[in-house]
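Fold and contact review
Each chain is listed here by its residues.
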Amino acid sequence: MRYTTLQQQAFYEDSKKYLGHKDETTLLPADLPILEDLVRFHEYRYYVLNDPLISDFEYDRLYKLLEALEKKHPASASPTSPTKRVSSDLTEDFATVTHLIPMLSLDNSYDAEDLNKFDAQVRKLTERENITYTVEPKFDGGSIALIYENDMLVRAATRGNGEMGEEITIQSRTIKSLPLEAAFSSKGIYRAEVRGEAVISKERFKAINAFRAEEGLSLLANSRNSATGGLRTKDPSETARRQLDAFIFQLGYAVDKNGRDVLPTIKSHHDAIDFLGNIGFKVSRGEKKLCHGIQEVIDQCNHWALIRDEYPFEIDGMVIKVDSFDLQDMCGYTSHHPRWAIAYKFQAKQATTKLLDIEYQIGKIGSITPVAKVEPVSLAGVTISSISLHNEDFITSKDIRIGDQVLIERAGDVIPYIVKSLPELRTGHEKIVSYPTQCPSCGTTLVREEDEAAWRCPNMECKAQILQRLIFHVSKDAMDIDGFGEKYILRFYELGWIKNMADLYQLDYDKIAALEGFGKKSADKLKAAIDKAKSNPIHRLLHSLSIHHVGQRASKLIAEKINHLLDLAGWSTEDYIAIKDIGPVVAQNAINWFSHEKNIAMLREMEAHGVNLTQTPQDKPKELISDGVFSGKTILFTGTLTQMGRKEAQELAEANGAKNISAVSGNLDILVVGDNAGSKLDKARKLGTVQILTEEEFIALAQ
Ligand code: IVH
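Throughout this document, residue positions are counted from 1 along each chain, in the order its sequence is written. Under the rules for a predicted model, residues below a pLDDT of 70 receive no local features and side-chain atom pairs below 80 are neither given nor counted, while totals for whole chains, interfaces and linings still include all residues. Values reported for side chains reflect all heavy atoms of the structure, with hydrogen atoms and water molecules removed beforehand.

Before going further, it helps to examine the nonpolar core. Here, the term nonpolar core denotes a set of buried Ala, Val, Leu, Ile, Met, Phe, Trp, Tyr and Cys residues that are joined through side-chain atoms within 4.5 Å. Throughout, exposure labels follow a simple rule: accessible area from a 1.4 Å probe, protein chains only, divided by the maximum for the residue type, with under 20% read as buried, over 50% as exposed, and the rest as partly exposed. Ranked by size, the top nonpolar core spans 55 residues in total, and within it F484, L545, I558 and F594 carry the most contacts. For this core, the elements supplying multiple residues, two or more each, are α13 (463-474), α14 (486-494), α15 (509-514), α16 (520-534), α17 (538-544), α18 (552-559), α20 (584-594) and α21 (597-608). Whether two residues are in contact is decided by their heavy atoms, any of which lying within 4.5 Å being enough. The residues touching L545, leaving out its near neighbours within four places in the chain, are R469, M501, L565, W593, F594, M602 and L603. Think of it this way: any DSSP run of H or I at least four residues long counts as a helix, any run of E at least two long counts as a strand, and we number them from the N terminus.

Quick look at the structure:
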């Protein structure tokens, strides 16, 4: 741990003290370094240890207080302040930098036999019988080398060719689990180089792709590419958006002011990692194991092969290192890798197969997605026969041809992906892909907008598109009609019962009951689900219409501003872009959609059949104040308030940006406690993430 218990208690007390300040006006320049340390401390607890001591809300307030105070006294603000992680400067081309010592690679092993051979060689080189190894995860991200001088992060670089890498200092500063300042001097170290891996958590990777899908952007292939791409972008705010993490696994170089090696008290890899952990780096702690003898190493590797999918980060194997530095020295290096370490690679999640054909799928807004049909191949327990090729550029840039042998990969629970084609295996019978210029369903000439990766069929009446839109309309994300999936849509469409969305609300359930495989019970069930969906809030209906770029979030933002869905028929670009976060592209697409008389008639028909197009008071979100003291926070009152009524207090909270909610859960940010508070207070205390305020504190903060 980087901080002593006493220090932590002091930080906690100080945090509470500063949280008592409404704004920076009552603070002095002398508060700056203290506030900085507090924010740094809480970032360490949150990003490095995953164990925050205060709520996100409290952290945000401390951060904002620091930011405001720095703005007031810019001359006193420190260059290593936590607020300085993202600078808005754009880099020119990446500068090439030489590593202090070359970044070597690792030798690979794949089974117990390989590991036994490795152990035999280590025993021979060290002339010892029993070797202690550390075994730790092999992170699948992008290597980074970081130089600290005088305890400050001064340079970060990618691995590059091992001798020279690319400078990525400003990008790395956005990685919150990397300390900008670390107490190397506590061991007499003036200059140090640490090495590690920038990674992206599986959860974050999924969230980024969900967002990209919603925005119609191309999907990121896997978390490794997302991490390396995040490091090598020239825009550090993009690195920050990806929320990378950095695990440090090596202290490569450490010298004093005179350039002399200084590691007298660190005698092993294990100690080095503990030291790095103690001065603030994110390191493998629980994941790292000291193993005595190679059999324990093998057992540990087998164990991790079983649990790797549950680990929050992608790992492609384990790394085994001789623990003692003295013994490491005795083993030495080849020009490629250290002889004291080896990677144990998990069973390959890559395979080669033959690309048989390409099919073109048509999406709900007409986007064409090429899909490779491949000879079925088993990859990490799943049989794969089709793989998305994303778009035309993907095929061209990878020079993928029909008949090619292709290398495919499946990372974790991510969808399979074509890494590359293997031109060296071509027989001469492969066919260059001729991308369609006409819609494979309706024959309309395809179009490609300037900023879009996909070709699109512009014909709104295209059968394939209509089907996709109907399927989307009933799906969970849209109208959420339980039990109504693709199968029924296709069947009812072929029977001529549904041609557009309005038809879904005027089905003849007697006819459905009479269909083979149906019966009265399932027809009734379907009717109940459809009837239920009729009273959905209008943001769901708006989303369900498949208007290009009008995703879930945009639909909510727009729906908040209207009383009836058909109000949008009279909206102009200005009306749309007056909404924060709605841009001209969404505006244009929505205007287009609502300018078609057919679409308006369809909505009217839906309304006539009971579909709700009106904003209901309970669905209309309250106007939230965006710059209040409680903006973005949820609040709950409990116990008897003495200075005002419950309703009055809730209104005051709302006027200051808060959203009132009714239960204590992980979603609650603030609990205001009156007299005789009971179980809600206990529960909030147990959660530990809720800020608890007295009525007086609440009133003092509110305006
Ligand atoms: S130690 C001298 N430990 O794997 C090499 N490397 O395939 C010392 N990697 O370039 C590397 N996790 O980027 C080490 N726990 C770990 C690692 C790790 C991931 C990467 C590293 C290296 C590559 C070699």
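With that settled, consider the site of the ligand. Taken together, 15 residues form the shell around the ligand, and within it E136, F139, S143, E197 and K321 come nearest. Within 3.5 Å is the distance limit for a polar contact, defined as a pair of N or O atoms, with the added protein rule that one can donate a hydrogen and the other accept it, and that residues adjacent in sequence qualify only through two side-chain atoms. One of the side-chain nitrogen or oxygen atoms of K138 is found 3.2 Å away from an oxygen atom of the ligand. A distance of 3.0 Å separates a nitrogen atom of the ligand from a polar backbone atom of F139. Where accessible areas are quoted, they stem from the Shrake-Rupley method and a 1.4 Å probe; at the residue level, only the protein chains shown are allowed to cover. Here the ligand, which alone exposes 530 Å², has 90% of that area covered by the protein. Here the shell around the ligand takes 4 residues from strand β3 (residues 132-139), the largest share from any one element. Any residue with a non-hydrogen atom lying within 4 Å of a molecule or strand is treated as near it.

In this section: the sheet that holds strand β8 (residues 245-255). Spatially, the 4 strands line up as an open sheet ordered β5-β4-β7-β8, and their pairing is antiparallel. The strands lining the two open edges of the sheet, one partner per strand, are β5 (152-158) and β8. Neighbour-to-neighbour, the strand axes of the sheet open up by a mean angle of 25 degrees, direction not taken into account. Sheet analysis places strand β4 (residues 142-149) next to β5, joined by 6 bridges and oriented antiparallel. Looking at the pairing, A145 lines up with A157 of β5. Docked against the sheet, helix α9 (residues 269-278) engages β7 (191-199) and β8, running at close to 115 degrees with respect to β8. Here the rule is simple: two strands pair whenever DSSP picks up at least two bridges between them. Interaxial angle, 0 to 180 degrees, is taken between N-to-C directions of lines fitted to C-alpha atoms, where a helix line uses only the stretch in contact.

Aromatic rings considered in pairs are described by the distance between their centres and by the relative angle of their planes. Pairing of aromatic side chains here covers Phe, Tyr and the six-membered ring of Trp, requires ring centres within 6.5 Å, and sorts the geometry by plane angle: under 30 degrees stacked, over 60 edge-to-face, intermediate tilted. All told, the structure shown has 29 aromatic pairs when counted by the stated rule. Aromatic pair F118 and Y133: ring centres 5.8 Å apart, planes at 40 degrees, arrangement tilted. With F118 in helix α4 (residues 112-126) and Y133 in strand β3, this pair connects stretches of sequence that are 15 residues apart. Residue class for F118 comes out buried when judged on its relative accessible area of 5%. Relative accessible area serves as the criterion here: at 0%, Y133 is assigned to the buried category. Taken together, the aromatic side chains of F139, F247, W304, Y311 and F313 make up a single cluster linked through ring pairs. Charges are assigned to positions over rings by a cutoff of 6 Å between ring centre and Lys NZ or Arg CZ, combined with an angular limit of 35 degrees from the ring normal. For the cation-ring pair, K364 lies above F472, with the distance from its terminal atom to the ring centre recorded as 4.3 Å.

Moving on: α14. For α14, the set of buried residues is I489, F492 and Y493. In a view along the axis of α14, the buried residues occupy a sector of 100 degrees, so they form one face of it. Set apart from the buried face of α14 by more than 90 degrees, the exposed residues are K487 and E494. Summarising the contacts, the buried residues of α14 are in contact with α13, α15 and α16. Of the residues one or two after α14, G496 is the one with positive phi, at around 80 degrees. Note: the arc covers the axis-to-C-beta directions of the helix.

For the pair α4 and helix α10 (residues 294-307), interaxial distance at closest approach is 10 Å and the crossing angle is 145 degrees. Along this stretch, α4 crosses α10, giving a crossing that reads as right-handed. The residues of α10 that touch α4, namely those facing A112, L115, N116 and D119, are I294, V297, I298 and C301. Of the residues contributing to the contact of α4 with α10, the split by class is 6 nonpolar, 1 polar and 1 charged. A clockwise turn of the near helix away from the far one marks a right-handed crossing, whereas an anticlockwise turn of less than a right angle marks a left-handed crossing. Put simply, Ala, Val, Leu, Ile, Met, Phe, Trp, Tyr, Cys and Pro go in the nonpolar bin, Asp, Glu, Lys and Arg in the charged bin, and everything else, Gly too, in the polar bin.

Right, let's talk about the pattern of salt bridges for a bit. Should their charged atoms come close, side chains of opposite charge can pair. Salt bridges, as used here, are contacts in which a Lys or Arg side-chain nitrogen is within 4 Å of a carboxyl oxygen on Asp or Glu. The final tally for this structure, using the stated rule, is 32 salt bridges. Among the ionic pairs, R232 bridges to E166, the shortest N-O distance being 2.5 Å. In this pair, R232 is assigned in the loop between α7 (223-231) and α8 (236-242) and E166 in strand β6 (residues 164-166), connecting sequence segments 66 residues apart. Look at R232 and you get partly exposed, because its relative accessible area is 42%. With a shortest N-O distance of 2.9 Å, K527 and D531 are connected by a salt bridge. Highlighted residues: K527 and D531, both in helix α16, separated by 4 residues, approximately one helical turn.

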